[in-house]
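Given next are the chains, with one letter for each unit.
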Amino acid sequence: MREHPVRLMIVDDHPVVRDGLRGMFDGLPDITVVAAAADGREALALARSTEPDVVLMDLRMPNLDGVGAIRRLHAAHPATKVIVLTTYDTDGDVGRALAEGVAGYLLKDTPREELHLAVRTAAAGGRVLSPAIAGHLMAGKSRQPKDPSPRELEVLRLIAKGAGNKEVARTLLISETTVKTHLKHVFAKLGVETRAAAVVAAMERGLL
């Protein structure tokens, strides 16, 4: 149980959004809005004087965008937790923000009660993600290339040395159809479409 209310800063370049968010937290005994900034630069300046526990940060803003502000904020105030609150849920936006170690990533259609809970969770050291963002991450993981099996790598090593399907089949004592099947699996696991690309991808990942 915290002895003092969570000190919250809101960062968004739209005045209506800032005012709306401030209003969503008015009257809560355990969360106090201590500052509201219009861009990343103002957020950094206000953070020095208000020392927020949690920051609700938009991503796309003038002067200094959200990711740049998050990076500098974490460097200057390591204890401050940042929750991204944005309308953007593209893989690029999500990845850049999560790479900076944010405590959460929420979309602006998040209900009031869930936003309150997110701030409390972040202040307590937890992490929060909107269902849409969690879905993005799970889909991304499912698309991650897998390593070929040892037998598939044997085929790929021979291909890398210039062997054709017939030579690979003779060397490994398997049929050409099996060679083609192994290559099909290799392409799928490495996320490529050609033999040359498969060899390059495997070398880059240290498999060959």
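Residues numbered from 1 in each chain as written. Predicted model: local features only at pLDDT ≥ 70, side-chain atom pairs only at ≥ 80, totals over all residues. Heavy atoms only, no water.

What follows is about the overall build of the protein chain. The number of helices and strands found in the protein chain is 10 helices and six strands. Relative to its length of 208 residues, the protein chain is extended, with a C-alpha radius of gyration of 25 Å against a globular reference of 17 Å. A principal-axis box enclosing the C-alpha atoms of the protein chain has dimensions of 75 × 30 × 30 Å. Taking all 208 residues of the protein chain together, the buried fraction comes to 44%. Look at the contacts in the protein chain between residues 6 or more apart in sequence, and 61% of them connect residues 24 or more apart. (Helix = DSSP H or I, 4+ residues; strand = E, 2+ residues; numbered from the N terminus. Rg over C-alpha atoms; globule rule 2.2 N^0.38 Å. Buried < 20%, exposed > 50% of the residue type's maximum accessible area, 1.4 Å probe, protein only. Contact = heavy atoms within 4.5 Å.)

Phi is positive for Glu51, which is not a glycine, with a value near 50°. In this structure, Glu51 sits in the loop between helix 2 (40–50) and strand 3 (54–57). Not every positive phi belongs to a glycine, and Leu173 is a case in point at roughly 60°. Turning to its location among the elements, Leu173 is positioned in the loop between helix 8 (165–172) and helix 9 (176–190).

Now for the sheet that holds strand 3. Strand order in the open sheet formed by six strands is 2-1-3-4-5-6, and the pairing between neighbours is parallel. If you trace the sheet from one side to the other, it starts and ends with strand 2 (31–37) and strand 6 (128–129), each paired once. Across four bridges, the pairing between strand 4 (residues 81–86) and strand 5 (residues 104–107) is parallel. Paired with Val84 across the strands is Tyr105, a residue of strand 5. Of the strands in this sheet, strand 1 (6–11), strand 2, strand 3 and strand 4 are in contact with helix 1 (residues 15–25), which crosses strand 2 at around 170°. (Pairing = 2+ DSSP bridges. Axes fitted to C-alpha atoms, helices over the stretch in contact; angles between N-to-C directions.)

For helix 8, every residue scored as buried is listed here: Asn165, Val168, Ala169 and Leu172. Within helix 8, the buried residues cover an arc of 100° as seen down the axis, which keeps them to one side. Exposed and facing more than 90 degrees away from the buried side of helix 8 are Lys166 and Arg170. Close packing links the buried residues of helix 8 with helix 7 (150–160), helix 9 and helix 10 (195–204). Two residues or fewer past helix 8, Leu173 is found with a positive phi of approximately 60°. (Arc of directions from axis to C-beta.)

To continue, consider helix 7. All buried positions along helix 7 are accounted for by Glu152, Leu153, Val155, Leu156, Leu158 and Ile159. Where helix 7 is buried, its residues meet helix 8, helix 9 and helix 10. Just past helix 7, the residue Gly162 takes up positive phi, approximately 100°.

Once that is clear, we can look at the pattern of salt bridges. The final tally for this structure, using the stated rule, is eight salt bridges. Arg205 serves as the salt-bridge partner of Asp147, at 2.5 Å between the closest nitrogen and oxygen. With Asp147 in the loop between helix 6 (131–142) and helix 7 and Arg205 in the segment after helix 10, this pair connects stretches of sequence that are 58 residues apart. Overlapping salt bridges bring together Asp12, Asp58 and Lys108 as one network. (Salt bridge = Lys/Arg side-chain N within 4 Å of Asp/Glu carboxyl O.)

One finds Val11, Met57 and Tyr105 to be the most contacted residues of the largest nonpolar core, which totals 25 residues. When contributions to this core are tallied by element, the ones reaching two or more residues are strand 1, strand 2, helix 2, strand 3, helix 3 (66–76), strand 4, helix 4 (91–99) and strand 5. By residue number, the principal contributor to this core is helix 3, which donates four residues. Those residues in contact with Met57 that lie beyond four places of it in its chain are Val11, Gly66, Ala69, Ile70, Leu73, Val82, Ile83, Val84 and Leu85. (Core = buried A, V, L, I, M, F, W, Y, C linked by side-chain atoms within 4.5 Å.)

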